[in-house]
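Okay, here's what each chain looks like letter by letter:
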Amino acid sequence: MADPLGWGPVAVAHIYTVAFEGMEPREVDVQVHIAEGLPFFAVVGLADKAVAESRERVRAALSAIGLALPPKRITVNLAPADLPKEGSHYDLPIALALLAAMGVLPASEMAGYSALGELSLDGQITAVAGVLPAALAASEANRGLICPAASGSEAAWAGGLEIIAAPSLIALVNHVKGASILIAPEPKLADDLVAVPDLKDVKGQETAKRALEVAAAGGHNMLMIGPPGAGKSMLASRLPGLLPPLDAREALEVSMVKSLAGEIKDGALSRTRPFRNPHHSASMAALVGGGLRVKPGEVSLAHLGVLFLDELPEFARQVLDSLRQPIETGSAVIARANAHVRFPARFQLVAAMNPCRCGYLTDPAQSCGRAPKCAQEYQTKLSGPLLDRIDIHVEVAGVSAQDLELPPPAEGSAEVAARVSRARDTQRVRFGGNGIRTNAEAEGELLDSVARPDTAGQKLLTEAAERMRLTARGYHRVLRVARTIADLAGEDSVGRAHVAEALSYRRLSHLH
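Below is a short write-up of the structure. (Residues numbered from 1 in each chain as written. Predicted model: local features only at pLDDT ≥ 70, side-chain atom pairs only at ≥ 80, totals over all residues. Heavy atoms only, no water.)

1. A look at the overall build of the chain
What the chain contains, in helices and strands, is 22 helices and 18 strands. On the principal axes, the C-alpha backbone points of the chain span a range of 85 × 45 × 45 Å. Split into buried and exposed, the 512 residues of the chain put 51% on the buried side. For the chain, contacts bridging at least 24 residues in sequence account for 74% of all contacts bridging at least 6. Counting every atom, the chain has about 22,500 Å² of accessible surface; 53% of that belongs to carbon and sulfur. (Helix = DSSP H or I, 4+ residues; strand = E, 2+ residues; numbered from the N terminus. Buried < 20%, exposed > 50% of the residue type's maximum accessible area, 1.4 Å probe, protein only. Contact = heavy atoms within 4.5 Å. Areas by Shrake-Rupley, 256 points an atom, 1.4 Å probe, with all protein chains shown as cover.)

2. Structural notes on unusual backbone geometry
Cis peptide bonds are those with omega within 30 degrees of zero, and the linkage from Ala 79 to Pro 80 qualifies with 5 degrees. Looking at the secondary structure, you find Pro 80 in the loop between β4 (73-79) and α3 (91-102). Positive phi, normally seen in glycine, also occurs at Glu 311, with a value near 55 degrees. In this structure, Arg 469 is a non-glycine residue whose phi angle is positive, near 55 degrees. Along the chain, Arg 469 turns up in the loop between α20 (455-468) and α21 (472-488). Given a relative accessible area of 72%, Arg 469 falls into the exposed group.

3. Some points on the nonpolar core
Formed by 50 residues in total, the largest nonpolar core has its most connected members in Met 222, Met 224, Leu 235, Leu 239, Ile 392 and Leu 503. Excluding residues within four positions of it along the chain, Leu 239 makes contact with Leu 212, Ala 216, Val 306, Gln 348 and Val 350. Core analysis: the next-biggest nonpolar cluster, separate from the first, contains 46 residues, Ala 13, Ala 95, Leu 105 and Ile 125 among them. (Core = buried A, V, L, I, M, F, W, Y, C linked by side-chain atoms within 4.5 Å.)

4. Side note on the pattern of salt bridges
Going through the model one piece at a time under the given rule, you end up with 31 salt bridges. With a closest N to O distance of 2.6 Å, Asp 391 and Arg 477 form a salt bridge. One end of the pair, Asp 391, is in the loop between α16 (384-388) and β18 (392-395); the other, Arg 477, is in helix α21, and 86 residues separate them in sequence. Each member of the pair, Asp 391 together with Arg 477, is buried. Among the ionic contacts, a cluster of salt bridges with common partners joins Glu 328, Asp 388, Arg 389, Asp 391, Arg 473, Arg 477 and Arg 506. (Salt bridge = Lys/Arg side-chain N within 4 Å of Asp/Glu carboxyl O.)

5. Re the environment of Phe 41
Position of Phe 41 relative to the elements: it lies in strand β3 (residues 40-44). Look past the residues within four positions of Phe 41 in its chain and what remains in contact with it is Arg 55, Arg 59, Leu 69, Ile 74, Val 76, Ile 94 and Leu 98.

6. Comments concerning the environment of Arg 483
By secondary structure assignment, the location of Arg 483 is in helix α21. The class of Arg 483 is buried, set by a relative accessible area of 2%. With 189 residues separating them in the primary sequence, Arg 483 and Val 294 have C-alpha atoms 38 Å apart. Look past the residues within four positions of Arg 483 in its chain and what remains in contact with it is Arg 430, Asn 439, Val 450, Ala 451, Glu 491, Asp 492, Ser 493 and Val 494. A polar contact of 2.7 Å, which involves the side chain of Arg 483, links it to the backbone oxygen of Glu 491. (Polar contact = N/O pair within 3.5 Å; in protein donor to acceptor, adjacent residues only side chain to side chain.)

7. Details of helix α19 (residues 444-451)
Every buried residue of α19 is listed here: Leu 447, Val 450 and Ala 451. Within α19, the buried residues cover an arc of 80 degrees as seen down the axis, which keeps them to one side. Turned more than 90 degrees off the buried face of α19, the exposed positions are Glu 445 and Ser 449. Tucked inside the fold, the buried residues of α19 contact α18 (413-430) and α21. (Arc of directions from axis to C-beta.)

8. Quick word on the packing of α20 against α21
Geometrically, a packed helix pair is captured by the angle between its two axes and the distance between the axes. Where α20 contacts α21, the axes come no closer than 11 Å and their chain directions differ by 145 degrees. At the point where α20 passes α21, the crossing takes the right-handed sense. Contacts between α20 and α21 involve Gln 458, Leu 461 and Ala 465 on the former and, on the latter, Tyr 475, Val 478 and Leu 479. (Axes fitted to C-alpha atoms, helices over the stretch in contact; angles between N-to-C directions. Left-handed = near helix turned anticlockwise from the far one by under 90°.)

9. Quick notes on the sheet that holds strand β11 (residues 275-276)
Across a sheet, strands are paired by hydrogen bonds formed along the backbone, either parallel or antiparallel in direction. One open sheet holds the 5 strands; their spatial order is β11-β14-β17-β10-β18, and the pairing between them is parallel. Lying at the two open borders of the sheet, with one neighbouring strand each, are β11 and β18. In the packing of helix α8 (residues 206-218) onto the sheet, contacts are made with β10 (222-225), β17 (348-353) and β18, and the angle to β18 comes to roughly 165 degrees. (Pairing = 2+ DSSP bridges.)

10. So, α21
Helix length check: α21, at 17 residues, gives a terminal C-alpha distance of 25 Å against a target of 24 Å (1.5 Å per residue), a fit within 8%. Where burial is concerned, most of α21 is hidden: 13 out of the 17 residues are buried. Just downstream of α21 lies Gly 490, where phi reads positive at about 75 degrees. (Expected span 1.5 Å × (residues − 1).)

11. Focus on the side chain of Asn 354
By secondary structure assignment, the location of Asn 354 is in the loop between β17 and α15 (373-379). The exposure class of Asn 354 is buried, given its relative accessible area of 8%. Only 3.4 Å separates the side chain of Asn 354 from the side chain of Lys 232, close enough to count as a polar contact. Those residues in contact with Asn 354 that lie beyond four places of it in its chain are Ile 225, Gly 226, Pro 227, Pro 228, Lys 232, Glu 311, Gly 359 and Tyr 378.

12. A closer look at the packing of aromatic side chains
Here the structure, examined in full by the defined rule, presents 1 aromatic pair. Where Phe 275 meets Phe 308, the ring centres are 6.1 Å apart and the plane angle is 25 degrees; that geometry is what we call stacked. Within this pair, whereas Phe 275 is found in strand β11, its partner Phe 308 is found in strand β14 (residues 306-309), the two being separated by 33 residues in sequence. Among the residues examined, Phe 308 registers a relative accessible area of 3% and is labelled buried. (Phe/Tyr/Trp six-rings, centres within 6.5 Å; stacked < 30°, edge-to-face > 60°.)

13. Observations regarding a nonpolar patch on the surface
The grouping of Trp 157, Leu 189 and Leu 252 at the surface amounts to a nonpolar patch, some 250 Å² of accessible area in total. Since its relative accessible area comes to 31%, Leu 252 is described here as partly exposed. (Patch = residues over 30% accessible without salt bridge, like charges linked within 9 Å, V, L, I, M, F, W, Y side chains within 5 Å.)

And the structure:
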């Protein structure tokens, strides 16, 4: 019979944890039953290999603190039984439920907590992924959270719940028994004072720098094309220095994804916008998400930031075309036989490529020896639908020796970032009640109401759309870019000059 104070052995002990379905933490009831019979330790409830192996980690961790499992039949059930359980974070809740069932910890008190953490063989509690969404789920369920000490600051951002962040199992037991007290963790921000390359380092390339400013201000997708050594990667690496920091809500969104990927260091959240730069050998699962245990891909890790794809045609075509749906919807959906997993993916795509495989198609001094076949073979790796989703196409010409000898430009990242910030503030006010952050996200009637050009601008856009054979998508992307150009200029309406500049970015003549 259970102890009325909750300290004696109980028939079934409970504690809670979570299973992750994309961004959604699903509640899991960890139940432990100890019965008479031959010694046996089973974990049931659709557990993967990592969860099944927790038996040995739990056994060793309990031994490290001077406890042995009773020589009885021990059954651990992870309910609901039809929900897949993956990962090592089930170690800690299984151990705590066992301790409650053995009467070491109060069963009634443990039932009021959600727990996650991996146990080492010496009883230490090591960090795991997903602590921040688990903390938010525990707060919504009016439960406390027990987590590794290394993840305590991350969990503290959920606010409004009791958090026990323990470095080891023995420290946790002593805290619950009142023998010693663990200090409640405090939210922590990462030190973002990382040197970002300055735009002053880029000599020449005034057109490309202007296009980069427009892309930063409106969150537009951008493609740079030019010969090797022209400065495409150099320009892209300076984009983070132009973007405003994440606000509190955005930082929480980004951190949720990073938490699931296990990329939050020391439990500290960052306000720096993500800048992801995957290699062109990346698989579809690495870029969009997926794998045996579904994890967010690069498109989700770049949420509310920048995804930079260098040497764009070197990516597998199937991988590139998988970007089309996330670009349009702002989310990545991974289909499985038993579930659909969704991750946020509202990223800004910035890409760079050479005009042909050798890179010198447009260079009069080093003409391509296989033109035009070299360019055709190289560029056909990019599908028309993908290119149509890129708002800004800009040519980055080679830099001459005379340009390199010039003094640094007077205007650097700080001056451009100030204009970008003002333009983004304008957009935030404009779209305040619609859940839209930048012009790149506006569509439908909303886009038409805020970006409709004046008479002269509309006439130019209509004529250009016919002559350039713009698709409906291309037409609206020109409107978005024109609206951003007008915001940078501090203009309330979109004029002919803004439309003309937006059209100049639409498509390079030698691309397709």
